[in-house]
Amino acid sequence: MEVIRVAAAVIERNAEILIAQRPEGAHMGLKWEFPGGKIEPEEDVAGCLKREIKEELDLNIEVGQKITVVEHHYHDKTVILHCHWCRYLNGDAKALACQNFKWVRLDELKQYDFADADRPVVRLLTEDH
Ligand SMILES: Nc1nc2c([nH]c(=O)n2[C@H]2C[C@H](O)[C@@H](COP(=O)(O)OP(=O)(O)OP(=O)(O)O)O2)c(=O)[nH]1
Ligand SMILES: [Mg+2]
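Residues numbered from 1 in each chain as written. Chains lettered and ligands numbered in written order. Predicted model: local features only at pLDDT ≥ 70, side-chain atom pairs only at ≥ 80, totals over all residues. Heavy atoms only, no water.

(A) Structural view of the pattern of salt bridges. Under the criterion given, the structure shown has 10 salt bridges. Across the salt bridge formed by Glu 43 and Arg 51, the nearest N and O atoms sit 2.5 Å from each other. The exposure class assigned to Glu 43 is buried, which follows from its relative accessible area of 17%. Residues Lys 54 and Asp 58 are paired through a salt bridge, measuring 3.0 Å at the closest nitrogen-oxygen approach. Residues joined in a network through salt bridges with shared partners are Glu 43, Arg 51, Glu 52 and Glu 55. (Salt bridge = Lys/Arg side-chain N within 4 Å of Asp/Glu carboxyl O. Buried < 20%, exposed > 50% of the residue type's maximum accessible area, 1.4 Å probe, protein only.)

This is the structure in structure tokens:
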């Protein structure tokens, strides 16, 4: 079974965080996620997040503390999801490689249909605040 290492950014800006909706037709299509992607062999998590967030949303971020690492077994693959706090630096967000995106407060997170691997992350974020 395929095992992939993925980095996901919880980007903060003015007491809101950015969530993204996965493209239709992709794995977990139309589910909400914390944007990011597969960690390339030569990359660390921070390098991956800065690259992915620029590619997917055209934003520049600073990568901060680790939130958690989730290992989730989907029927066809295992995802090891490295989640980090990130700080918005600059840029005007555009849905370059996602269906949609939204800035939301932590207390609004539970209203969105997140990918299964993100459930423990959403729980952590909503408990902590
Ligand atoms: N980025 C991200 N991926 C997630 C989350 N939750 C979750 O199950 N995943 C899964 C979906 C995918 O199987 C995998 C990451 O894939 P991805 O499609 O973001 O990878 P990528 O940006 O590198 O895209 P690609 O070049 O492979 O098309 O992790 C999440 O919160 N963020
Ligand atoms: Mg991605």
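(B) How the structure looks around the UniProt feature "binding site: Mg(2+)" (unreviewed entry) in the protein. This chain's UniProt record puts "binding site: Mg(2+)" (unreviewed entry) on Gly 36 and Glu 56. The largest pairwise C-alpha distance within this set of annotated residues, which runs over 21 residues, is 7.9 Å, so the set is compact in three dimensions. Inspection of the secondary structure assignment puts Gly 36 in strand S4 (residues 36–38). Not counting chain neighbours up to four residues away, the residues in contact with Gly 36 comprise Ala 7, Leu 49, Glu 52, Ile 53 and Glu 56. Looking at the secondary structure, you find Glu 56 in helix H1 (residues 45–57). For Glu 56, the residues in contact, after removing those within four places along its chain, are Glu 33, Pro 35, Gly 36, Lys 94, Ala 95, Leu 96, Ala 97 and Cys 98. (UniProt positions renumbered as here; feature names shortened; annotations may be inferred. Helix = DSSP H or I, 4+ residues; strand = E, 2+ residues; numbered from the N terminus. Contact = heavy atoms within 4.5 Å.)

(C) Structural detail: the site of ligand 1. Near ligand 1 you find 19 residues, and of these His 27, Phe 34, Lys 38, Tyr 74 and Asp 118 are the closest. In this structure, a nitrogen atom belonging to ligand 1 sits 3.1 Å away from a side-chain N or O atom of Glu 33. In this structure, an oxygen atom belonging to ligand 1 sits 3.2 Å away from a side-chain N or O atom of Glu 52. For ligand 1, whose unbound accessible area comes to 620 Å², protein coverage reaches 78%. Every element with two or more residues in the shell around ligand 1 is listed here: strand S1 (2–13), S4, H1 and strand S6 (77–90). Considered class by class, the residues forming the shell around ligand 1 number nine nonpolar, three polar and seven charged. (Near = heavy atom within 4 Å. Polar contact = N/O pair within 3.5 Å; in protein donor to acceptor, adjacent residues only side chain to side chain. Areas by Shrake-Rupley, 256 points an atom, 1.4 Å probe, with all protein chains shown as cover. Nonpolar A, V, L, I, M, F, W, Y, C, P; charged D, E, K, R; others polar.)

(D) Quick peek at the coordination of the magnesium ion (ligand 2). The coordination sphere of the magnesium ion (ligand 2), as far as protein atoms go, consists of Gly 36 (O) and Glu 56 (OE), spread over 2.2 Å. With Gly 36 in strand S4 and Glu 56 in helix H1, the pair connects residues that are 20 residues apart, well separated along the chain. We note that Gly 36, like Glu 56, is buried. (Donors = N, O, S within 2.8 Å, 3.2 Å for Na, K, Ca; no water.)

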